[in-house]
Amino acid sequence: MRRARTILQAGFLAVVIVGVFLLRGHAEGFCPFGGVEGLYTWLREGAMPCSLGMSNFYILGALLAVTLVVRRAFCGFACPIGAISEW
């Protein structure tokens, strides 16, 4: 189980690294907390700050739904920040 978890963590981290550095995407665009950060500005001004987009709200919603179903599994298996801090 430990090996599968490490492989999944490395895979999700690789997806983020490829998306940010090779595809030149913004890390903010992949972060579910961008939805939390941008919510106030979006509600107040009707626009998202920086390079955030509506996709951050979708990612945040999906993360919340997955977390409700599988509890801490997202942080333990898929979150790149959790993988880096654990390693």
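Residues numbered from 1 in each chain as written. Predicted model: local features only at pLDDT ≥ 70, side-chain atom pairs only at ≥ 80, totals over all residues. Heavy atoms only, no water.

Caption draft 1: Inspection of helix α4 (residues 54-70) at higher detail. In a regular helix each residue adds 1.5 Å, so 17 residues correspond to 24 Å; α4 covers 25 Å between its end C-alpha atoms and thus fits that length. If you check which residues of α4 are buried, you get N56, F57, L60 and L63. Taken around the axis of α4, the buried residues stretch over an arc of 125 degrees, which confines them to a single face. Exposed residues pointing more than 90 degrees away from the buried face of α4 are listed as Y58 and V69. Positive backbone phi, at 60 degrees, marks R71, one or two positions downstream of α4. (Helix = DSSP H or I, 4+ residues; strand = E, 2+ residues; numbered from the N terminus. Expected span 1.5 Å × (residues − 1). Buried < 20%, exposed > 50% of the residue type's maximum accessible area, 1.4 Å probe, protein only. Arc of directions from axis to C-beta.)

Caption draft 2: Spatial organisation of the side chain of Q9. Relative to the helices and strands, Q9 is located in helix α1 (residues 2-22). Here Q9 falls in the buried class, since its relative accessible area comes to 1%. Reaching out from Q9, the side chain makes a polar contact with the backbone oxygen of G76 at a distance of 2.9 Å. (Polar contact = N/O pair within 3.5 Å; in protein donor to acceptor, adjacent residues only side chain to side chain.)

Caption draft 3: The confidence of the model for the protein, seen in detail. Scored by pLDDT, the protein has a mean of 81; 98% of the residues are at 70 or more. Here helix α2 (residues 27-30) is the element of the protein with the lowest mean pLDDT, 70, and α1 is the one with the highest, 86. (pLDDT = per-residue confidence, 0-100.)

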